[in-house]
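Okay, here's what each chain looks like letter by letter:
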Amino acid sequence: MAAIAYSDIVPAPKALLHDHLDGGLRPATIVELADAVGHELPATDPAALGEWFVAAADSGSLERYLETFAHTVAVMQTEEGLFRVARECALDLAADGVVYAEVRYAPEQHLERGLTLDQVVDAVHAGFTAGMAEAAAQGTPIRVGVLLTAMRHAARSQEIAELAVRYRDSGVVGFDIAGAEAGFPPTRHLDAFEYLQRENFHFTIHAGEAFGLPSIWQAIQWCGADRLGHGVRLVDDITGTPESGETVLGRLAAYVRDKRIPLELCPSSNVQTGAAPSIAEHPIGLLHDLRFRVTVNTDNRLMSGTSMSREMALLSEAFGWGWAELQWLTINAMKSAFIPYDERLAIINDVIKPGYAKLIG
Ligand SMILES: O=c1[nH]cnc2c1ncn2[C@@H]1O[C@H](CO)[C@@H](O)[C@H]1O
Ligand SMILES: [Zn+2]
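Everything numeric in this text was worked out from a predicted model, so none of it was measured.

Conventions we followed
Residue positions are counted from 1 within each chain, in the order its sequence is given. As a convention, the first chain written is A and the first ligand written is 1, with the rest following in written order. Residue-level local features of this predicted model are given only where pLDDT is at least 70; pairs of side-chain atoms are given and counted only at 80 or more, and the full residue set underlies all totals for whole chains, interfaces and linings. Side-chain measures here rest on the full set of heavy atoms in the structure, leaving out hydrogens and waters. Whether a residue is near a molecule or strand depends on its heavy atoms: if one lies within 4 Å, it is near. By the criterion applied in these results, polar contacts are pairs of N or O atoms within 3.5 Å in which, for protein atoms, one can donate a hydrogen and the other can accept it, and in which residues neighboring in sequence qualify only through two side-chain atoms. In these tables, accessible area is a Shrake-Rupley quantity obtained with a 1.4 Å probe, and a residue counts as shielded only by the protein chains included in the view. For this classification, Asp, Glu, Lys and Arg are treated as charged, while Ala, Val, Leu, Ile, Met, Phe, Trp, Tyr, Cys and Pro are nonpolar and the rest, including Gly, are polar. Each metal's donors comprise the N, O and S atoms found within 2.8 Å of it (within 3.2 Å for Na, K or Ca). Water is not part of the atom list, so some coordination spheres may appear incomplete. Only two sets of limits are used to name each site, 85 to 135 degrees for every angle of a tetrahedral four-donor site, and over 155 degrees for opposite donors with all other angles from 65 to 115 for a square planar four-donor or octahedral six-donor site, with any other site named irregular. Helix and strand definitions here come from DSSP, where helices need a minimum of 4 consecutive H or I residues and strands a minimum of 2 consecutive E residues; each element is numbered from the N-terminal end. The classification of residues rests on relative accessible area computed with a 1.4 Å probe and restricted to protein chains. Under 20% of the type maximum is buried, over 50% is exposed, and intermediate values are partly exposed. Any two strands are treated as partners once DSSP identifies two or more bridges connecting them. Lines fitted to the C-alpha atoms define the axes, with helices restricted to the stretch that makes contact. Angles between their N-to-C directions range from 0 to 180 degrees. Per-residue confidence from the prediction method is given by pLDDT, with values spanning 0 to 100. UniProt positions are given in the numbering used here, feature names are shortened, and annotations may be inferred rather than shown by experiment. The contact rule is simple, with two residues in contact once any of their heavy atoms fall within 4.5 Å. Note on handedness: a clockwise path from strand one over the helix to strand two, with the strands aimed away from the viewer, defines a right-handed crossover. Nine residue types can take part in a nonpolar core, namely buried Ala, Val, Leu, Ile, Met, Phe, Trp, Tyr and Cys, and a core is a set of them joined through side-chain atoms within 4.5 Å. Each salt bridge in this description consists of a side-chain nitrogen of Lys or Arg and a carboxyl oxygen of Asp or Glu lying within 4 Å of one another.

(A) Structural detail: the site of ligand 1. As a structural note, the neighbourhood of ligand 1 is formed by 16 residues, with H20, D22, Q109, E209 and D299 the closest of them. For ligand 1, a nitrogen atom lies 2.9 Å from a polar atom in the backbone of G179. Note that an oxygen atom of ligand 1 is positioned 2.7 Å from one of the side-chain N or O atoms of D299. Protein contacts shield 98% of the accessible area of ligand 1, which totals 410 Å² for the unbound molecule. Taken together, the residues of the shell around ligand 1 break down into seven nonpolar, six polar and three charged.

Below, the structure is given as structure tokens:
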């Protein structure tokens, strides 16, 4: 079957679970905000700056990929900067046909100019609220929920977990840890995860991206993660291929599949950090064939020069996926969202299924 074109995918309803607020700024916005706060950039022409981010993030290592965030985080230190970035994020996702998104960021990284954690969360919330209202007025409604991230090398996870729970009725739907994986196992933050479980709150953990199975195992069996951020290295626990008919799942891979634990896979990001050799060789193909709870995500639209529609177009081309697969990915994501069950179901039945029914024809 011919691959579905990017331009045909844009109007299709999409759900996104793994997108970093500080990884999705418009290059032109970075230039303007950097000028206002006196931050020096590697390029001041927006197009050149956009190219710089993709090239610099194309490093083959997660640590070097993450260094590029210095230039986005630097311009997200004021209420105006945070509001603007969040508003534009909602608008950009809506324009790409995303109808539901969970966007994450680490409040502790936005305190350099004197904001408090609460001021950071309030400013982002106001930006998303404005962006959602504008998107709805433009006929492209989107719902955005926030995940508050704690940085895994730092020691503020308990505080950020408490912040997330405090804001659970004001737009925050979950918690996450991110940052360099090797050397910073999720169990360092066990207190925060146990607290969140006692609060009946939801969380995902970046695991199995730059480091393998022990990180995934800890995230699930010690920390109790609802979902896996990436989780792509789970393939290390799978032998054989479906074609040969001798695929064998190890205990951990079997557990993840049996429990329907969602995998927040981010193909382009993985190719840039070296977690996968190419889109065509990305384990998402195998994980899809084995019917894991696979979702597709952008991770960092700026650093990967990507969007949900582009990721789906790349997958359609690499694996021959048609509308049925794109719908499957979208419904998987919506089923795995952190908003209440009835609200997830309403988006699936009222928005996603009718949207794809028109496309499938
Ligand atoms: O793919 C990733 N793996 C691990 N950490 C990441 C990834 N993308 C972004 N961040 C980290 O998360 C912080 C909050 O959004 C970002 O500042 C970046 O350091
Ligand atoms: Zn991420």
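Next comes the rest of the account.
(B) Inspection of the coordination of the zinc ion (ligand 2) at higher detail. At 2.1 to 2.2 Å from the zinc ion (ligand 2) lie its protein donor atoms, namely H18 (NE2), H20 (NE2), H206 (NE2) and D299 (OD). Because the angles between the four donor atoms bound to the zinc ion (ligand 2) fall within 84 to 171°, the donor set is best described as irregular. Between the donor residues of the zinc ion (ligand 2), the gaps in sequence give the motif H-x1-H-x185-H-x92-D. Of this pair, H18 sits in strand 1 (residues 14-20) while H206 sits in strand 5 (residues 204-207), and the two are 188 residues apart along the sequence. Comparing H18 with H206, the two get one shared label, buried.

(C) Fine view of the sheet that holds strand 6 (residues 227-230). Taken in spatial order, the four strands make up an open sheet running 5-6-9-10, and their pairing is parallel. Each edge of the sheet is formed by a strand with only one pairing partner; in this case those strands are strand 5 and strand 10 (294-296). Ignoring which end each strand starts from, the neighbouring axes of this sheet average 30° apart. In terms of strand pairing, strand 9 (residues 263-265) meets strand 10 through three bridges, oriented parallel. Pairing of L265 across the sheet is with V296, part of strand 10.

(D) Structural view of the sheet that holds strand 1. Spatially, four strands are ordered 1-2-3-4 in an open sheet, and the strand pairing comes out parallel. At either end of the open sheet lies a strand with only one pairing partner, and these are strand 1 and strand 4 (172-178). Going across the sheet, the axis of each strand differs from the next one's by a mean of 25°, ignoring polarity. Looking at chain direction, strand 3 (residues 143-151) and strand 4 are connected through six bridges and run parallel. Along strand 4, the bridge assignment pairs T149 with D176.

(E) Main features of the confidence of the model for the protein chain. Predicted confidence across the protein chain gives a mean pLDDT of 97, with 99% of residues reaching 70 or more. The ipTM assigned to the predicted complex is 0.99, against a pTM of 0.98.

(F) Structural view of the UniProt feature "binding site: Zn(2+)" (unreviewed entry) in the protein chain. The residues that UniProt annotates with the feature "binding site: Zn(2+)" (unreviewed entry) are H18, H20, H206 and D299. A compact arrangement is adopted by the annotated residues: their sequence extent is 282 residues, whereas the largest C-alpha distance between any two is 11.9 Å. A polar atom in the side chain of H18 sits 3.3 Å from the side chain of H20. Judged by relative accessible area, H206 falls into the buried class, the value being 5%. In contact with H206, other than residues within four places in its own chain, are H18, H20, R104, R152, D176, I177, A178, E181, G229, H230 and D299.

(G) The arrangement of the environment of Q218 in detail. One can find Q218 in helix 10 (residues 213-222). Between the alpha carbons of Q218 and T187 there is a distance of 6.6 Å; along the sequence they are 31 residues apart. Leave out the neighbours within four places in its chain, and Q218 touches P185, P186, T187 and C223.

(H) Spotlight on the pairing of strand 4. Most of strand 4 sits out of view: seven of its seven residues are buried. Where the polypeptide runs from strand 3 across helix 8 (residues 157-166) and back to strand 4, its parallel neighbour, the crossover connection is right-handed.

(I) Representation of the nonpolar core within the structure. With 115 residues, the main nonpolar core has L21, F128 and F292 as its most contacted residues. If you tally residues by element for this core, the top one is helix 6 (residues 79-95), at eight residues. In this structure, F292 is in contact with L234, I238, L249, A253, V256, R257, R260, L263, L287, W328 and N332, ignoring residues within four places of it in sequence.

(J) Looking closely at helix 9 (residues 190-198). Among the residues of helix 9, those classed as buried are L190, A192, F193, Y195 and L196. Tucked into the core, helix 9 has its buried residues touching helix 8, strand 4, strand 5 and helix 10. Of the residues flanking the end of helix 9, it is N200, one or two places downstream, whose phi is positive at about 55°.

(K) How the structure looks around the pattern of salt bridges. Using the criterion set out here, one finds 15 salt bridges in the structure. Across the salt bridge formed by R166 and D118, the nearest N and O atoms sit 2.9 Å from each other. Taken together, the residues R166 in helix 8 and D118 in helix 7 (residues 117-137) connect sequence positions 48 residues apart. When its relative accessible area of 52% is taken as the criterion, R166 is described as exposed. R310 is the salt-bridge partner of E311, the closest N and O atoms lying 3.8 Å from each other. E311 gets classed as buried once you look at its relative accessible area, which sits at 1%.

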